Amino acid sequence: MQMKLLSTAILATTMAVGVAGQAQADDFPSKPLTLVVGFGAGGSTDIQARVLANVLEEELGQPVNVVNQPGAGGGVALSRLTVSDDEGYTFVFGTSMTITYGPLSTETNYQLDDFRYVAGVTLGQSAMVTGEDRPFGDTWEGLIEYAKENPGTSYATQTALDRMIIEYIAQQEGLDLRIVPTSGGAGMAPLILSGDVDFAYSGGTHSGYADSGEMPVLLSLAEDRLVAFPDAPSIQEAGYDINPAEIRVVMVPQNTPDSHVERLAEALEAATQDERFIEITEERILMPVVYMDEDEVTQTLSDQVTGYRALLEELGGVPGEDDEG
C-alpha cells in the first residue's frame, strides 16, 4: 500500500510539472521580445524590421524591441543568437546569405543547423547593376561582349558571396575582370554613378534609383526577374547554373520549443498579410512579400549550401581570400 501511495504521488507530481510546463508554453510570449537586426540603422533590413516589430507587437501582445547589432554581414548578430538560451524571446531578422555562405567563406561559431528558420517573409532583389551611358549599354549581353573585348573591365564587389558569383561568371565567360572591393551600397553607389567602375553588385541600393534610371539593372540574382526591373534576365535565364536567391528570414536557436516557434510563425504569417508590412516592403524597398514556412525555408537554405560547396570546389577555394596583403 505504501509503495502504491508513493507511485501515485510521483505520478501526480509529474503531471503537475507537465501541466505547468504546458501552461508556460501556451503563455508564450509572457514578456517583451527582442528583434535583432544584423545591420546598421537606416538600411533596408532595419527599415523593414521596425515595421515588422510593430505588427508583431499587436499579434503577440507583447513589446518587440529592435536592437541593431551590425558586423560581419549579419554574422555578429548570429554569433549572439547561437549562444542565446531564452527560448525564442530573442530572434534575428536577416538575410539568408549570412547563414548559407558565411560559414563557408569565413570562420564562424555557427552553422546552418544551429538555428530554426521560423519563416521567410520577403524575397531579396539583389542584382548586377551599372550606370548610365556606358559603352556597352544597359544589357547583360552587351556587358559580356564588351568585357571579353576589354580585359580589365572593372567590377565593384561588396560581399564574399557576390565575389564568388562574379568569379564563377568570369570563369564561364572567359573574362579578365578588375575587382574593386567596396563596402555596402553606400560605397558602391558613388563608384557606379561617377563611372569609376563599369558594373557592380547591389543588394538593394538600386531600388532607390528605379524612378530616375541612374542605375540600370543588368542581371537579377533572384530566382526570378526583379519586380522593379523586369527587363533584366535572371541569372539562370542568362545561362548560369547557380541559385544565389536571398530570403529575408526570422531565425531562433535550434533548442527553441516547438510551441514557441509555432506561435512566432503564426504572427509572422499574419504580418505578411498586414498592409503596413506590405507597403514598406513592396512600395518602399521594392521587394516581394512572401510566406515560406519552416520546412520550406530550411530545405531551400540547405540546398543552397550544397550548391555553394560544390561551386567552391569547382573554383578551387574561396575567391578573394588571398587578396589581403
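Check the entry above for the structure.
Structure report, in brief. Keep in mind that this is a model prediction, so the values were computed, not measured.

**Brief notes about the overall build of the protein chain**
Move 1: What the protein chain contains, in helices and strands, is 11 helices and 11 strands.
Move 2: Judged by the C-alpha coordinates and their principal axes, the protein chain covers about 95 × 40 × 35 Å.
Move 3: Contacts in the protein chain between residues at least 24 apart in sequence constitute 74% of all its contacts with a sequence separation of at least 6.
Move 4: As displayed, the protein chain offers around 15,200 Å² of accessible surface, 47% of which is attributable to carbon and sulfur atoms.
Move 5: Here the protein chain carries 15 positive and 52 negative side-chain charges, and the mean point of each set is 6 Å from the other.

**Comments concerning the sheet that holds strand E7 (residues 177-181)**
Move 1: Pairing in this open sheet of five strands is mixed, and the strands run E7-E6-E8-E5-E9 from one edge to the other. The two strands at the open ends of the sheet, each matched to only one other strand, are E7 and strand E9 (217-220). Across this sheet, the average inter-strand angle for adjacent strands is 25°, counted without regard to direction.
Move 2: As paired strands, strand E6 (residues 153-157) and E7 are joined by five bridges and run parallel to one another. In the strand pairing of E7, Thr157 is matched with Pro181.
Move 3: Those strands touched by helix H8 (residues 184-194) are strand E5 (127-130), E6, E7 and strand E8 (199-202), and its axis lies near 150° from that of E8.

**Structural notes on the environment of Tyr291**
Move 1: Among the secondary structure elements, Tyr291 is positioned in strand E11 (residues 289-292).
Move 2: Owing to a relative accessible area of 26%, Tyr291 belongs among the partly exposed residues under this scheme.
Move 3: For the pair Tyr291 and Pro70, spaced 221 residues apart in sequence, the C-alpha to C-alpha distance is 25 Å.
Move 4: Setting aside anything within four residues of it in sequence, one finds Tyr291 in contact with Ala119, Gly120, Ala265, Leu268, Glu269 and Thr272.

**Some details on the packing of helix H2 (residues 44-60) against helix H9 (residues 258-271)**
Move 1: At a minimum axis distance of 9 Å, the contact between H2 and H9 shows a crossing angle of 120°. The orientation of H2 relative to H9 falls into the category oblique. Crossing of H2 against H9: the hand is right-handed. Contact residues: Leu52, Val55, Leu56, Glu59 and Leu60 in H2; Arg263, Leu264, Ala267, Leu268, Ala270 and Ala271 in H9.
Move 2: Residues belonging to the contact of H2 with H9 are distributed by class as follows: nine nonpolar, no polar and two charged.

**A short note on the nonpolar core**
Move 1: With 47 residues, the main nonpolar core has Tyr117, Trp140 and Tyr240 as its most contacted residues.
Move 2: Listed by contribution, the elements that provide at least two residues to this core are helix H3 (75-82), strand E4 (115-123), helix H6 (140-149), helix H7 (160-173), E8, E9, strand E10 (247-253) and helix H11 (294-315).
Move 3: For this core, the leading source of residues is H7, giving seven residues.
Move 4: In this structure, Tyr117 is in contact with Ile99, Leu112, Val249, Val250, Met251, Glu294, Val297, Thr298 and Leu301, ignoring residues within four places of it in sequence.
Move 5: With 27 residues, the next largest nonpolar core counts Tyr89, Val121, Val261 and Ala265 among its residues.

**Quick look at the layout of surface pockets**
Move 1: In this structure, the second largest pocket encloses a volume near 260 Å³.
Move 2: Lining the second largest pocket are 15 residues, with Asp138, Pro216, Val217, Asp231 and Ala232 positioned closest to its centre.
Move 3: Secondary-structure elements contributing two or more residues to the lining of the second largest pocket are H6 and E9.
Move 4: Class assignment of the residues belonging to the lining of the second largest pocket gives a composition of 10 nonpolar, two polar and three charged.

**So, the packing of H2 against helix H10 (residues 275-284)**
Move 1: Interaxial distance between H2 and H10 falls to 9 Å at its minimum, and their mutual angle equals 165°. Accordingly, the angle class assigned to the pair H2 and H10 is roughly antiparallel. Remark: the crossing between H2 and H10 carries left-handed chirality. Between H2, through Ile47, Gln48, Val51, Leu52, Val55 and Glu58, and H10, the contact on the second element is made entirely by Arg276, Phe277, Ile280, Thr281 and Arg284.

**Section: the packing of aromatic side chains**
Move 1: Tallied over the full model, the rule gives eight aromatic pairs.
Move 2: Ring plane angle 50° and centroid distance 5.3 Å describe the contact between Phe136 and Tyr146, whose orientation is recorded as tilted. Of this pair, Phe136 sits in the loop between E5 and H6 while Tyr146 sits in helix H6, and the two are 10 residues apart along the sequence.
Move 3: Look at Phe136 and you get buried, because its relative accessible area is 8%.
Move 4: On the basis of an interplanar angle of 75° and a centroid distance of 6.3 Å, the ring pair of Tyr168 and Tyr240 is categorised as edge-to-face. Remark: Tyr240 occurs in the loop between E9 and E10 and Tyr168 occurs in helix H7; sequence separation between them is 72 residues.
Move 5: Aromatic rings pair up to connect Trp140, Tyr155, Tyr168, Phe199 and Tyr240 into one cluster.
Move 6: Note that Lys31 overlies the ring of Tyr89, its terminal NZ or CZ placed 4.7 Å from the centroid.

Rules used throughout
- Residues numbered from 1 in each chain as written.
- Predicted model: local features only at pLDDT ≥ 70, side-chain atom pairs only at ≥ 80, totals over all residues.
- Heavy atoms only, no water.
- Helix = DSSP H or I, 4+ residues; strand = E, 2+ residues; numbered from the N terminus.
- Contact = heavy atoms within 4.5 Å.
- Areas by Shrake-Rupley, 256 points an atom, 1.4 Å probe, with all protein chains shown as cover.
- Lys, Arg positive; Asp, Glu negative; His and termini not counted.
- Charge placed at Lys NZ, Arg CZ, Asp CG, Glu CD.
- Pairing = 2+ DSSP bridges.
- Axes fitted to C-alpha atoms, helices over the stretch in contact; angles between N-to-C directions.
- Buried < 20%, exposed > 50% of the residue type's maximum accessible area, 1.4 Å probe, protein only.
- Parallel < 35°, antiparallel > 145°, perpendicular 65-115°, else oblique.
- Left-handed = near helix turned anticlockwise from the far one by under 90°.
- Nonpolar A, V, L, I, M, F, W, Y, C, P; charged D, E, K, R; others polar.
- Core = buried A, V, L, I, M, F, W, Y, C linked by side-chain atoms within 4.5 Å.
- 1 Å grid on protein atoms, 1.4 Å probe; cavity = no way out; pocket = protein on both sides within 12 Å on 5 of 7 lines; lining within 4 Å.
- Points joined across faces, edges and corners; volume = space filled by probe spheres on them.
- Phe/Tyr/Trp six-rings, centres within 6.5 Å; stacked < 30°, edge-to-face > 60°.
- Lys NZ or Arg CZ within 6 Å of the ring centre and 35° of its normal.

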